[in-house]
Amino acid sequence: MSLPTSAPAETATPGGAADHPAISLRGLRKTYGDVVAVDHVDLDIADGEFFSMLGPSGSGKTTVLRLIAGFEQATAGTVELGGSDVTRSAPFERDVHTVFQDYALFPHMSVLDNVAYGLRVRGMKKAERRERARQALETVRLGHLGARRPAQLSGGQRQRVALARAIVLQPRVLLLDEPLGALDLKLREQMQVELKQLQRELGITFVFVTHDQEEALTLSDRIAVFDAGRIQQLGTPREIYENPSSAYVAGFVGTTNLFDAETSQRILGVAGEHAVRPERLRLSPGSDTETPREGEVRLDAVVVETIYLGTGNRVHLRTSDGVELVALEQSTGSLDTREHRGEDVTVRFARADVVPLSS
Ligand code: ADP
Ligand code: MG
């Protein structure tokens, strides 16, 4: 990939960044007065990785992104890009580009000029920057709308212009702060697919901020789950989902059945907190008097509520000793298999599907 001439010299070295992570954060901390926005963040993001930062509002995701981009100065710790320490470098000295949630397009400029703007700032000649901008618009499938103004586009199209404006600069790293947050569900799902394809095509490192766990799970190579300025867990979507390290992560990433220490002891016979995903629970009608099979937990319960989800049912249950559970059943195509409120059922799950939580 050819880099713009104004890019930092070290990143222009062919293969120079390949031995280093695209982004390396060490002991990163940012405070605003008494507010600790980011604390003790250590993180390596590999070249070409689709990396997500997932967490609730206020957990420090945007601040980490702004520290990487250079819009904020770290209170402590370091930021390295491709092996170079940029902790004290200005934003324009960093080979990253940010796509903001509100897109920040210039309303008085055409779509093409919006996309070409960054190249103009870098001093590229008009003919060349228009050609590059046209290519970037083609990449996001908006080649035919270059003459329009942003106000003449739909939300999804504006989102794509914002992306084109970022990729035209060919940064090694693209920072995306809740870029799909303003789109309705259907468009968001479509843009998720397009983002993933774009990232594969371009081979750029994506750092994607979201509070939507499903979005993070479906798009990412790896996810960092944030809480109160810290990374609570770092792993692949599967690791985070199947083996959440804490009750916080288990609860934030997908629905789960959490057993506190007392409940774990009573119904599982084990010490400490545990979690079981709703899709691991199997239900059968009536109460079952047989002894449970080896490696199986069996509980008598009553159906509190069944919620039809289209793809299946979410069944809320209460065990005979008062433990609330949620089960997810895939639809078998027949509504007759639905459990009804007040019905007695037997709940089964494998001990192997019970995940111990550290805290
Ligand atoms: P997120 O993106 O996960 O919602 P942020 O990084 O925006 O979280 O914010 C993390 C914390 O830092 C929040 O408590 C927020 O109020 C605080 N914060 C962020 N920016 C500022 C600022 N410029 N001044 C004061 N507090 C801030
Ligand atoms: Mg934010």
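Only a predicted model underlies this, so the values are computations on that prediction, with no experimental measurement involved.

### Considering the packing of aromatic side chains
A full pass over the atoms with the stated rule returns 6 aromatic pairs. Centre to centre, the rings of Phe50 and Phe208 are 5.6 Å apart; their planes meet at 50 degrees, and the pair counts as tilted. Placement of the pair is Phe50 in strand β3 (residues 50-54) and Phe208 in strand β8 (residues 205-210), with a sequence separation of 158 residues. Of the two residues, Phe50 and Phe208, both sit in the buried class. The cationic tip of Arg277 hangs over the ring face of Tyr241; the distance from NZ or CZ to the ring centre is 3.9 Å.

### Side note on the site of ligand 1
Around ligand 1 lies a shell formed by Tyr32, Val35, Ala37, Pro56, Ser57, Gly58, Ser59, Gly60, Lys61, Thr62 and Thr63. Contacts to ligand 1 include Ser59, whose backbone N or O atom sits 3.1 Å from an oxygen atom. Interatomic distance of 2.8 Å between a side-chain N/O atom of Thr62 and an oxygen atom of ligand 1. Within the complex, 60% of the 560 Å² of free accessible area of ligand 1 lies under protein. Residue assignment for the shell around ligand 1 shows that the elements contributing at least two residues are β2 (35-45) and α2 (61-69). Looking at the shell around ligand 1 element by element, the count peaks at 3 residues for α2. Per-class residue counts for the shell around ligand 1 are 4 nonpolar, 6 polar and 1 charged.

### A word on the environment of Arg341
Considering the arrangement of structural elements, one finds Arg341 in the loop between β16 (324-330) and β17 (344-350). The spatial distance from the C-alpha of Arg341 to the C-alpha of Val315 is 9.2 Å, given a sequence separation of 26 residues.

### Quick word on helix α10 (residues 261-268)
What α10 keeps buried is the set Thr263, Ser264, Ile267 and Leu268. The buried residues of α10 occupy one face: seen down the axis, they fall within an arc of 100 degrees. In the core, the buried residues of α10 are packed alongside β11 (257-259), β12 (274-276), β14 (296-308) and β17. At the C-terminal side of α10, Gly269 shows a positive phi close to 70 degrees.

### Notes on the UniProt feature "domain: ABC transporter" (unreviewed entry) in the protein
The UniProt entry lists residues 23-253 under the feature "domain: ABC transporter" (unreviewed entry), expressed in the numbering used here. With 36% helix and 26% strand, residues 23-253 has end C-alpha atoms that lie 25 Å from one another.

### Topic: the sheet that holds β11
Pairing within the open sheet is antiparallel, and its 3 strands lie in the order β11-β12-β18. Each having just a single partner strand, β11 and β18 (355-356) make up the two edges of the open sheet. Sheet analysis places β11 next to β12, joined by 3 bridges and oriented antiparallel. Its bridge partner lying in β12, Asn257 is registered against Val276.

### A word on the pattern of salt bridges
Any two side chains of opposite charge can pair, on the condition that their charged atoms come close. Inspection of the entire model under this criterion finds 20 salt bridges. Across the pair Arg341 and Glu305 runs a salt bridge whose closest N-O atoms are separated by 3.8 Å. Placement of Arg341 in the loop between β16 and β17 and of Glu305 in strand β14 is noted, with a sequence separation of 36 residues between them. The exposed category is assigned to Arg341, whose relative accessible area is 63%. Through salt bridges with shared partners, a single ionic network connects Arg29, Asp39 and Arg230.

Rules of the game
- Residues numbered from 1 in each chain as written.
- Chains lettered and ligands numbered in written order.
- Predicted model: local features only at pLDDT ≥ 70, side-chain atom pairs only at ≥ 80, totals over all residues.
- Heavy atoms only, no water.
- Phe/Tyr/Trp six-rings, centres within 6.5 Å; stacked < 30°, edge-to-face > 60°.
- Helix = DSSP H or I, 4+ residues; strand = E, 2+ residues; numbered from the N terminus.
- Buried < 20%, exposed > 50% of the residue type's maximum accessible area, 1.4 Å probe, protein only.
- Lys NZ or Arg CZ within 6 Å of the ring centre and 35° of its normal.
- Near = heavy atom within 4 Å.
- Polar contact = N/O pair within 3.5 Å; in protein donor to acceptor, adjacent residues only side chain to side chain.
- Areas by Shrake-Rupley, 256 points an atom, 1.4 Å probe, with all protein chains shown as cover.
- Nonpolar A, V, L, I, M, F, W, Y, C, P; charged D, E, K, R; others polar.
- Arc of directions from axis to C-beta.
- Contact = heavy atoms within 4.5 Å.
- UniProt positions renumbered as here; feature names shortened; annotations may be inferred.
- Pairing = 2+ DSSP bridges.
- Salt bridge = Lys/Arg side-chain N within 4 Å of Asp/Glu carboxyl O.

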